[in-house]
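Survey of secondary and tertiary structure
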Amino acid sequence: MGRKLDGRSALVSGASRGIGLTIARRLAADGARVMLAARSAAALQAETAGLPGCAFHAADLSLPGAAAEAVDAAVRQFGGLDLLVHSAGATQRGDFLLLDDAAWADGYALKLFGAVRLCRAAWPHLRASGGSAVLIAGVGGRVASADFTIGGSVNAALMNLTKALADRGVADSVRVNAINPGSIRTGRLTGRIDTLARERGLDPEAAARAIAAETGVARFGEPEEIAGVVSFLAGPDASYIQGAILDVDGGWVRAV
Ligand SMILES: NC(=O)c1ccc[n+]([C@@H]2O[C@H](COP(=O)([O-])OP(=O)(O)OC[C@H]3O[C@@H](n4cnc5c(N)ncnc54)[C@H](OP(=O)(O)O)[C@@H]3O)[C@@H](O)[C@H]2O)c1
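Note that the coordinates shown come from a computational prediction; the quantities given were computed from them, not determined experimentally.

What about the side chain of T22?
In this fold, T22 is placed in helix α1 (residues 18-29). The exposure class assigned to T22 is buried, which follows from its relative accessible area of 10%. Among the polar contacts listed, one links the side chain of T22 to the backbone oxygen of G18, at a separation of 3.0 Å. Other than its neighbours up to four places away in sequence, T22 contacts P223, E224 and A227.

Shown next, in the form of structure tokens:
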């Protein structure tokens, strides 16, 4: 029996680990050929070796020309592009008064300008294929907090960008949607747990429970639970979903 993404090609940023890697694995399991992009060539090479038909492109996507080069690499490899997933992101948390311009510029360069540049470069190819883009933002874009000013504002900007590009996509036959992960168990979350444990003198399990309790969820999410939603958004069952922003957060966001 055919798989739902057989014959499709995808570019996934932030695919050397965490949510992006899990998305790349899921899309490959669904039949897509995937270009995995991130900085760590060794990690990408090791992961891609286990994914038939897939390839990798190592680059710092916060640099101006890098997004277009990643798109070119995918198009050269696969002869076109059906799906773009932007999961690369690294924004610094902390006291607003201590976060300098460099921290803000770094966070925006990768997550927001990375999205803008990837979408701009991929758009003609997605238009040609009637494809789609999925931007990985984060619930911090909806629920502001004092220690997450960079990530929160970047995610809010990504949500607006999603709606704006979806508007254009109506005319161009490109679907654009976003996912807001809640707390998902990746190295990023483990780092946060360790920091809180140090700050409050807790063991890591107690620190993890404290983070879950603060956001009112029963448990943390798994990267597979984000990848499954990307797979749905990329597939035929989501053909009328345009400009959606899906909170995949275990119930964290309660606002309508
Ligand atoms: N985990 C969560 O709880 C959570 C919650 C809400 C939103 N999110 C969002 O989901 C996305 C993925 O998060 P994650 O938890 O999977 O993070 P992660 O485990 O830290 O992975 C981040 C990925 O981005 C890549 N990356 C970082 N800097 C890069 C750069 N300059 N150029 C190219 N690639 C770069 C990393 O690879 P290299 O280091 O090899 O470049 C890695 O593949 C992020 O945008 C994050 O903000 C995550």
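From this point, things continue past the structure.
Overview of the site of the ligand
Residues in close proximity to the ligand total 26 residues, the closest being I19, R39, S40, I184 and T186. For the ligand, an oxygen atom lies 2.9 Å from a polar atom in the side chain of R17. The contact in question runs from an oxygen atom of the ligand to an N or O atom on the backbone of I19, over 2.7 Å. Notes on the ligand: free accessible area 880 Å², of which the protein chains cover 92%.

Points about the side chain of D172
Mapped onto the elements of the fold, D172 is located in helix α5 (residues 149-172). Ignoring anything within four residues of it in the chain, the contact list for D172 reads W123 and R127.

Concerning helix α8 (residues 223-234)
Across its 12 residues, α8 extends 17 Å between first and last C-alpha, which sits within 8% of the 16 Å expected from 1.5 Å per residue. Counted residue by residue, α8 has 9 buried out of 12 residues, so it is predominantly covered. Burial in α8 covers these residues: P223, I226, A227, G228, V229, V230, S231, L233 and A234. In the core, the buried residues of α8 are packed alongside α1, β4 (83-86), β5 (132-136), β6 (175-181) and β7 (245-248).

Some points on the packing of helix α3 (residues 66-78) against helix α4 (residues 101-129)
Between α3 and α4, whose axes approach to 8 Å, the crossing angle comes to 35°. Both α3 and α4 take part in a crossing whose hand is right-handed. Taking contact as the criterion, the partners of A67, A68, V71 and V75 in α3 are, on α4, G114, R117, L118, A121, A122 and H125. The residue makeup of the contact of α3 with α4, split by class, is 7 nonpolar, 2 polar and 1 charged.

Examining the packing of aromatic side chains
The final tally for this structure, using the stated rule, is 2 aromatic pairs. Aromatic side chains F96 and W104 sit 6.5 Å apart centroid to centroid with 90° between the ring planes, which places their arrangement in the edge-to-face category. Judged by its relative accessible area of 22%, W104 falls in the partly exposed class. Geometrically, the ring pair formed by W104 and Y108 is stacked, given 6.1 Å between the ring centres and 25° between the ring planes.

Notes on the domain arrangement of the protein chain
What the domain assignment reports for the protein chain is domain 1 (9-182 + 223-246) and domain 2 (183-220). With centres defined by C-alpha atoms, the gap from domain 1 to domain 2 works out at 25 Å. Across the boundary between the two partners, domain 1 contributes 12 residues, which contact 7 residues of domain 2. Around 690 Å² of area is buried between domain 1 and domain 2 when both sides are counted, 53% of it from carbon and sulfur atoms. Counting every contact that joins domain 1 to domain 2 gives 1 salt bridge. Here E225 ties to R219 by a salt bridge, and the two come within 2.7 Å at their closest N and O atoms. Inspection of the region where domain 1 meets domain 2 yields 2 residue pairs in polar contact (both at pLDDT 80 or more). Counting residues per element, the ones that place at least two in the side of domain 1 that touches domain 2 are α1 and α8. Element by element, the count of residues in the side of domain 1 that touches domain 2 is highest for α8, at 3 residues. Residue classes in the side of domain 1 that touches domain 2 are distributed as 6 nonpolar, 4 polar and 2 charged.

Side note on the sheet that holds β7
Reading across from one edge, β3-β2-β1-β4-β5-β6-β7 is the order of the 7 strands in this open sheet, with parallel pairing throughout. Both edges of this open sheet fall to β3 (55-58) and β7, since each of them pairs with a single strand only. When strand polarity is set aside, the average angle formed by the axes of neighbouring strands in this sheet is 15°. As paired strands, strand β2 (residues 33-38) and β3 are joined by 4 bridges and run parallel to one another. Across the sheet, the residue bridging to M35 is A55, located in β3.

Reading the values: rules and limits
Residues numbered from 1 in each chain as written. Predicted model: local features only at pLDDT ≥ 70, side-chain atom pairs only at ≥ 80, totals over all residues. Heavy atoms only, no water. Helix = DSSP H or I, 4+ residues; strand = E, 2+ residues; numbered from the N terminus. Buried < 20%, exposed > 50% of the residue type's maximum accessible area, 1.4 Å probe, protein only. Polar contact = N/O pair within 3.5 Å; in protein donor to acceptor, adjacent residues only side chain to side chain. Contact = heavy atoms within 4.5 Å. Near = heavy atom within 4 Å. Areas by Shrake-Rupley, 256 points an atom, 1.4 Å probe, with all protein chains shown as cover. Expected span 1.5 Å × (residues − 1). Axes fitted to C-alpha atoms, helices over the stretch in contact; angles between N-to-C directions. Left-handed = near helix turned anticlockwise from the far one by under 90°. Nonpolar A, V, L, I, M, F, W, Y, C, P; charged D, E, K, R; others polar. Phe/Tyr/Trp six-rings, centres within 6.5 Å; stacked < 30°, edge-to-face > 60°. Domains from an automatic or database assignment. Buried area = accessible area lost by both parts, 1.4 Å probe. Salt bridge = Lys/Arg side-chain N within 4 Å of Asp/Glu carboxyl O. Pairing = 2+ DSSP bridges.

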